[in-house]
Amino acid sequence: MAFALRKATTYLVKRMHLRPVKKIQFTFDPYMKNVTSIRDVASTLHRPEILETNQGTILKFDIKSDRTEPRIDVDFNDGEKLVFKTRNLSQLEILDYLFEYVEEKDPRKNEGPELATKASKGGGKGGKGKKRK
């Protein structure tokens, strides 16, 4: 079962992006029991390949020692907010829900794939070549 969880987490991490995200705030008390999932998600989203998808995204960490419940606040570029109360959620559940919302709001979602034609590569008929007599 641990292998399946690792494989699913790896799959989500490879596809994760932060294009529609403006800010992510992690709030937790490190002395409480149920904070491992929020710490794991924070370290996962702090990976360079994920941060490069939107360099304008702000990751803010609010570490408290007042028995605050762990939570993640996500602010999107369109003004919408998403709150995860992560006390009873696993890392996989948080990443899965976050990926669903990020994919839904992705500004590149409606763009078609880039087509490479001969003309765009410069290999089509047009100007360069031998003249025929």
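Residues numbered from 1 in each chain as written. Predicted model: local features only at pLDDT ≥ 70, side-chain atom pairs only at ≥ 80, totals over all residues. Heavy atoms only, no water.

An unreviewed UniProt entry lists the chain under the name Large ribosomal subunit protein mL53, from Elysia crispata. Quoted straight from UniProt, the Subcellular location (unreviewed entry) entry for the chain says "Mitochondrion". According to UniProt, the comment filed for the chain under the heading Sequence similarities (unreviewed entry) is "Belongs to the mitochondrion-specific ribosomal protein mL53 family." (UniProt positions renumbered as here; feature names shortened; annotations may be inferred.)

Quick notes on a negative patch on the surface
Negative charge collects at one region of the surface, where E93, D96, E100 and E104 lie side by side. With respect to the helices and strands, the residue D96 is situated in helix 4 (residues 91-104). (Patch = residues over 30% accessible without salt bridge, like charges linked within 9 Å, V, L, I, M, F, W, Y side chains within 5 Å. Areas by Shrake-Rupley, 256 points an atom, 1.4 Å probe, with all protein chains shown as cover. Salt bridge = Lys/Arg side-chain N within 4 Å of Asp/Glu carboxyl O. Lys, Arg positive; Asp, Glu negative; His and termini not counted. Charge placed at Lys NZ, Arg CZ, Asp CG, Glu CD. Helix = DSSP H or I, 4+ residues; strand = E, 2+ residues; numbered from the N terminus.)

A word on the pattern of salt bridges
Per the stated rule, a full pass over the model turns up seven salt bridges. Residues E69 and R87 are paired through a salt bridge, measuring 3.5 Å at the closest nitrogen-oxygen approach. In this pair, E69 sits in the loop between strand 2 (58-63) and strand 3 (71-76) while R87 sits in the loop between strand 4 (81-85) and helix 4, placing the two residues 18 residues apart along the sequence. Of the residues examined, R87 reaches a relative accessible area of 42% and is grouped as partly exposed. Salt-bridge contacts for D78 lead to K105; the nearest nitrogen and oxygen are separated by 2.9 Å. With D78 in the loop between strand 3 and strand 4 and K105 in the loop between helix 4 and helix 5 (118-121), this residue pair connects regions lying 27 residues apart in the sequence. (Buried < 20%, exposed > 50% of the residue type's maximum accessible area, 1.4 Å probe, protein only.)

Here we look at the packing of aromatic side chains
Here the structure, examined in full by the defined rule, presents one aromatic pair. A ring pair is formed by F26 and F61, whose centres lie 5.1 Å apart and whose planes are at 15°; its orientation type is stacked. Of this pair, F26 sits in strand 1 (residues 21-28) while F61 sits in strand 2, placing them 35 residues apart in sequence. Looking at F61, the relative accessible area reads 39%, which means it is partly exposed. Against the face of F76 rests K105, its NZ or CZ located 5.4 Å from the ring centre. (Phe/Tyr/Trp six-rings, centres within 6.5 Å; stacked < 30°, edge-to-face > 60°. Lys NZ or Arg CZ within 6 Å of the ring centre and 35° of its normal.)

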